[in-house]
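Listed below are the residues making up each chain.
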Amino acid sequence: MRLSRYFLPVLKENPAEAQIVSHRYMLRAGMIKQQAAGIYSWLPLGLRVLRRIEQIVHEEQVRAGHIPLLMPTLQPADLWRESGRYDDYGQEMLRIKDRHERDMLYGPTNEEMITDIFRSHVSSYKDLPLTLYHIQWKFRDELRPRFGVMRGREFLMKDGYNFDVDRDSALHAYNRHMVSYLRTYERMGLTAIPMRAASGPIGGDNTHEFLVLANTGESEVFYDDRVTGLKLGARAVDYDDRAQVEGICGEFTTLYARTDETHDPALFETVPEAHRKVGRGIEVGQIFYFGTKYSDAMGATVVTRDGSRVPVEMGSHGIGVSRLLGAIIEASHDDKGIIWPEGVTPFPVGIVNLKQGDGAADAACAALEKALLARGLEPLYDDRDERAGAKFATMDLIGLPWRITVGPRGLANGVVELTSRRTGASEELSPEAAVERIAAIYAEHP
Ligand code: ATP
Ligand code: MG
């Protein structure tokens, strides 16, 4: 993409309404535009990151054996009357009447609808296990939408629902979600810690939230800081191997890590003092096993192997897809702008032409662009007739992890400069070698 032809409306001034750094940088980098409280347009650069995040979420869900579908944003109220939540949900639910005076709502979540789909089509244990998910816009009429996409009213969520014949299988689905979420967040360059959350209606140890540590987070968190060093890494996971998946969950949930809702001060005292930390975190996901709450209420049953009919065991599992942009920026920025992790960056590399209009510099940039595109790596080429300083400032603000700087002086020696946004370290190398390096870096971030 050539910047002269792109739509990147960067702001020079700090927007007054933005209280936290991620919101500020998303506005300044021309990623989003607020249309109403908590409702945003996604401008081209923001949309590219949103799509990257969605893609990673999809890939990891499919890897875990979960199946995508797409449910609508608008739902009939009658489904929610069946579960009893139409009245319980309160003012966060946006209620709408259609022209026939039928009660509709903009979905804040989809337990009822997915249970309706299930009961219409599945009635035997032979069709289980089944986990269906989608990535769809939600609406919650939050009392205080704030911090940009972090607490929006309209926001994008991945929500998945497992259907299982018995409790053990449903707990395996729960564990599968935990592991797939750990891998999802790691691919985005994030450390998201599973923390025991407030226990559900069934009680017990059956819900975890995933928190990214950040001073601006809305949750207070208490943890043994050794959890921050745990990594799933590249290890092979067989999602059908119950023991392996359960073992990984154990590894990540044994050290103390809780939000204020479940904090147990006495237990926390048993953490060695040097490791005992109190901080703040951003909730980027939550998994939940709730058994037969919806299947009981809505009559979603299956025939088991011995011929009896039982309500299906369920759980639901969400990732805050649009909130993740804010969380990633909170975790990865400096005073010049965003620093995108390679896994989610809107463009893998930027090209800065120090002397637009210089024949050699223009030709070298065009050749770099072509060579990168041939590797499937689309660069953002700043081909505007601007001062070098302004071009660097834009690149730093929008946070591409790598920059190739091309100028007549370097070219006279056969070199361009490759700079890491994260470390600021630069290295001179031939244009061909720069392309090789970028390709090698992204080979590790498919
Ligand atoms: P919160 O406690 O932050 O209000 P929640 O627990 O009500 O969130 P869930 O129902 O668990 O939210 O939804 C799954 C995920 O969707 C959350 O973990 C969060 O990342 C994201 N999410 C929830 N509400 C919002 C919102 N208003 N704006 C953006 N993302 C949100
Ligand atoms: Mg939650």
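Residues numbered from 1 in each chain as written. Chains lettered and ligands numbered in written order. Predicted model: local features only at pLDDT ≥ 70, side-chain atom pairs only at ≥ 80, totals over all residues. Heavy atoms only, no water.

**Observations regarding the nonpolar core**
If you look at the biggest cluster of nonpolar residues, it comprises 68 residues, and the most contacted ones within it are Met31, Ile53, Tyr185, Phe210 and Val284. Looking at this core, you find at least three residues from each of domain 1 (3–338) and domain 2 (349–443). Beyond its immediate stretch of four places on either side in the chain, Ile53 contacts Met188, Val321, Leu324, Leu325, Ile328 and Val344. Counting residues in each nonpolar core, the second largest holds 24 residues, with Ala77, Leu105, Val122 and Met314 among its members. (Core = buried A, V, L, I, M, F, W, Y, C linked by side-chain atoms within 4.5 Å. Buried < 20%, exposed > 50% of the residue type's maximum accessible area, 1.4 Å probe, protein only. Domains from an automatic or database assignment. Contact = heavy atoms within 4.5 Å.)

**Side note on the site of ligand 1**
Near ligand 1 there are 14 residues, and of these Glu142, Arg151, Gly152, Glu283 and Arg323 occur at the shortest range. In this structure, Met150 approaches ligand 1 through a main-chain N or O atom, which is 3.4 Å from a nitrogen atom. In the model, an oxygen atom of ligand 1 is placed 3.0 Å from a nitrogen or oxygen of the Arg323 side chain. Looking at the shell around ligand 1, the elements that each hand over two or more residues are β8 (154–164) and β13 (276–291). At 4 residues, β13 tops the list of elements feeding residues into the shell around ligand 1. (Near = heavy atom within 4 Å. Polar contact = N/O pair within 3.5 Å; in protein donor to acceptor, adjacent residues only side chain to side chain. Helix = DSSP H or I, 4+ residues; strand = E, 2+ residues; numbered from the N terminus.)

**What to know about helix α10 (residues 321–331)**
For α10, the tally of buried residues reaches 10 of 11 residues, placing the bulk of the element in the interior. If you check which residues of α10 are buried, you get Val321, Ser322, Arg323, Leu324, Leu325, Gly326, Ala327, Ile328, Ile329 and Glu330.

**Notes on the coordination of the magnesium ion (ligand 2)**
Taken together, the protein donors to the magnesium ion (ligand 2) comprise Glu283 (OE) and Gln286 (OE1), at separations of 2.0 to 2.2 Å. Its relative accessible area of 25% is what places Gln286 among the partly exposed residues. (Donors = N, O, S within 2.8 Å, 3.2 Å for Na, K, Ca; no water.)

**Quick notes on the pairing of strand β6 (residues 103–106)**
In the sheet, strand β4 (residues 74–76) pairs with β6 via 3 bridges, with the strands oriented antiparallel. Bridging across to β6, Gln75 finds its partner in Leu105. Here 4 bridges tie strand β5 (residues 94–97) to β6, and the two strands are oriented antiparallel to one another. From the neighbouring strand, Arg95 faces β6, where its bridge partner is Leu105. With antiparallel pairing between neighbouring strands as the criterion, β5 and β6 make up a hairpin whose turn holds 5 residues, including Glu101 at a positive phi of roughly 65°. (Pairing = 2+ DSSP bridges.)

**Let's talk about the sheet that holds β5**
Here we have 3 strands laid out as an open sheet, ordered β4-β6-β5, and antiparallel in their pairing. The sheet is open, and its two borders are formed by β4 and β5, each paired with just one other strand. Neighbouring strand axes in the sheet, compared pairwise and without regard to direction, differ in orientation by 35° on average. (Axes fitted to C-alpha atoms, helices over the stretch in contact; angles between N-to-C directions.)

**Thoughts on the packing of helix α6 (residues 167–187) against helix α7 (residues 242–253)**
Interhelical geometry of α6 versus α7 gives an angle of 60° and a closest axis separation of 9 Å. By the criterion of interaxial angle, the relationship of α6 to α7 is oblique. Handedness of the α6/α7 crossing: left-handed. Contacts from Asp168, Ser169, His172, Asn175, Arg176, Met178, Val179 and Leu182 in α6 reach Arg242, Val245, Glu246, Ile248, Cys249, Phe252 and Thr253 in α7. Of the residues contributing to the contact of α6 with α7, the split by class is 7 nonpolar, 4 polar and 4 charged. (Parallel < 35°, antiparallel > 145°, perpendicular 65-115°, else oblique. Left-handed = near helix turned anticlockwise from the far one by under 90°. Nonpolar A, V, L, I, M, F, W, Y, C, P; charged D, E, K, R; others polar.)

**Focus on the packing of aromatic side chains**
Each aromatic ring pair is characterised by the separation of its centres together with the angle its planes make. All chains considered together, the criterion is met by 12 aromatic pairs. With 5.8 Å between their ring centres and 85° between their planes, Phe222 and Phe268 make a pair best called edge-to-face. Here Phe222, found in strand β11 (residues 219–224), pairs with Phe268, found in helix α8 (residues 265–268); they are 46 residues apart in sequence, far enough to count as distant. Looking at Phe222, the relative accessible area reads 9%, which means it is buried. With relative accessibility at 8%, the residue Phe268 sits in the buried group. The interplanar angle of 70° and the centroid separation of 5.0 Å between the aromatic rings of Phe290 and Tyr294 together place this pair among those described as edge-to-face. Residue class for Tyr294 comes out buried when judged on its relative accessible area of 5%. Pairwise contacts between aromatic rings join Tyr181, Tyr185 and Phe210 into one cluster. Lying over the aromatic face of Phe347, Arg48 brings its terminal NZ or CZ to 3.9 Å of the ring centre. (Phe/Tyr/Trp six-rings, centres within 6.5 Å; stacked < 30°, edge-to-face > 60°. Lys NZ or Arg CZ within 6 Å of the ring centre and 35° of its normal.)

**Comments concerning helix α2 (residues 44–63)**
Between its first and last C-alpha, α2 extends 28 Å over 20 residues, near the 28 Å set by a 1.5 Å rise per residue. All of the buried residues in α2 are Leu45, Gly46, Val49, Leu50, Arg52, Ile53, Glu54, Ile56, Val57, Glu60 and Gln61. Backbone geometry just after α2 places Gly65 at a positive phi near 95°. (Expected span 1.5 Å × (residues − 1).)

**A look at the domain arrangement of the chain**
For the chain, the domain assignment lists domain 1 (3–338) and domain 2 (349–443). Centre-to-centre separation of domain 1 and domain 2, based on C-alpha positions: 37 Å. Across the boundary between the two partners, domain 1 contributes 15 residues, which contact 13 residues of domain 2. Here domain 1 and domain 2 share an interface that buries about 1,200 Å² over both sides, 58% of which is from carbon and sulfur atoms. The three residues of domain 1 that bury the most area against domain 2 are Leu3, Lys336 and Ile338, which together make up 45% of that side's buried surface. Residue Arg421 pairs with Asp334 through a salt bridge whose shortest N-O separation is 2.7 Å. (Buried area = accessible area lost by both parts, 1.4 Å probe. Salt bridge = Lys/Arg side-chain N within 4 Å of Asp/Glu carboxyl O.)

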